[in-house]
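Okay, here's what each chain looks like letter by letter:
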Amino acid sequence: MGLRRNKREQILAKATELFFARGVAEVSMDDIAAAVPAAKMTIYKYFGSKDRLVGEVMERYVREQHEIMNRKIEESPDTLSALVSILDYRSLPVVPERFIRESLELYPQIVADLLRYYREHMHDQLRDLIVRGQEEGVIRKELSPHILMVYMQGVTEFFARPDVIARFHDLRLLGEQFRTMFLFGIAAPNAPSDQTVSSAQKASRP
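Since this is a predicted model, take the numbers as computed values, not measurements.

Description of helix α3 (residues 40–47)
- Of the residues making up α3, those classed as buried are I43, Y46 and F47. Along α3, the residues classed as buried sweep out an arc of 80° about the axis, all on the same side. Seen from the open side of α3, the exposed residues pointing more than 90 degrees away from its buried face are M41 and K45.
- Just past α3, the residue G48 takes up positive phi, approximately 85°.

Focus on the pattern of salt bridges
- What the rule picks out here adds up to 14 salt bridges.
- The closest approach of N and O atoms between K14 and E17, which form a salt bridge, is 3.6 Å. With K14 and E17 both in helix α1 (residues 2–22), this residue pair falls three residues apart, about one helical turn.
- Using a relative accessible area of 27% as the deciding quantity, one classes K14 as partly exposed.
- When its relative accessible area of 48% is taken as the criterion, E17 is described as partly exposed.

A word on the nonpolar core
- Ranked by size, the top nonpolar core spans 56 residues in total, and within it I11, F19, I32, I43, L53 and L126 carry the most contacts.
- At 10 residues, the largest contribution of residues to this core is made by helix α7 (residues 108–136).
- Here I11 is in contact with I32, V36, T42, I43, Y46, F47 and L53, once residues within four sequence places are set aside.

Topic: the confidence of the model for the protein chain
- Overall, the predicted model of the protein chain reaches an average pLDDT of 87, with 89% of residues at or above 70.
- Looking across the protein chain, the model is least confident in helix α11 (residues 194–203), with a mean pLDDT of 46, and most confident in helix α2 (residues 29–35), with 96.
- Under a pLDDT of 50 for its full length, residues 193–197 has, in the predicted model, 13 contacts with residues more than four places off or in other chains.
- This stretch, residues 199–206, has a pLDDT under 50; its non-local contacts, to residues over four places away or in other chains, come to nine contacts.

Remarks on the packing of aromatic side chains
- Applying the stated rule across the entire model yields five aromatic pairs.
- When the ring of F178 is compared with that of F182, the centres are 5.9 Å apart and the planes differ by 20°; the resulting orientation is stacked. Of the two residues, F178 and F182 are both situated in helix α10 (residues 171–186); the distance of four residues between them amounts to about one turn of the helix.
- Owing to a relative accessible area of 19%, F178 belongs among the buried residues under this scheme.
- By relative accessible area, which is 3% here, F182 ends up buried.
- Taken together, the ring pairs in this structure connect Y151, F178 and F182 into an aromatic cluster.

Rules and cut-offs
Residues numbered from 1 in each chain as written. Predicted model: local features only at pLDDT ≥ 70, side-chain atom pairs only at ≥ 80, totals over all residues. Heavy atoms only, no water. Buried < 20%, exposed > 50% of the residue type's maximum accessible area, 1.4 Å probe, protein only. Helix = DSSP H or I, 4+ residues; strand = E, 2+ residues; numbered from the N terminus. Arc of directions from axis to C-beta. Salt bridge = Lys/Arg side-chain N within 4 Å of Asp/Glu carboxyl O. Core = buried A, V, L, I, M, F, W, Y, C linked by side-chain atoms within 4.5 Å. Contact = heavy atoms within 4.5 Å. pLDDT = per-residue confidence, 0-100. Phe/Tyr/Trp six-rings, centres within 6.5 Å; stacked < 30°, edge-to-face > 60°.

Dropping the structure here:
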């Protein structure tokens, strides 16, 4: 069982490496088999199809994001610091823009499944974090946590559309702009962590 799991992880790791380096469309199952190395039938045995393999690569990334988010919540001194850290893309696994764009365009159902994972597993955590921040006095109390989460979900789903993403040439800059607007919009005027947000903004500048 351990050997089979190890082989499956090897395939997933090599597929991720190739997809990120060359793009999904340019990588064949033969390419992945040669890189592992493994028989092509072995890859089909574990994943069934290239589409399912791409889905597993994307799902692994989202789960890694979730694990990182949980760790940051535990390690941060207060709620606003946690949000600053969670929204800092530089601490997340690097995903090439090409892979993101191809995934949104070629695999809309997989993207929809990942958005469902976010709603089911991360949405409530972030809402509870905002409520806690309001209790700590670092997030503006007049803001509705429910409406904030509707806003965040709407923004996420909007930018998961390939026609929208196609309008932007720099996804990192797009993420930074959203992060800055969101954090400065929710921070309480005299919150103890104001300096943390300011420092985060300065650190993100080139």
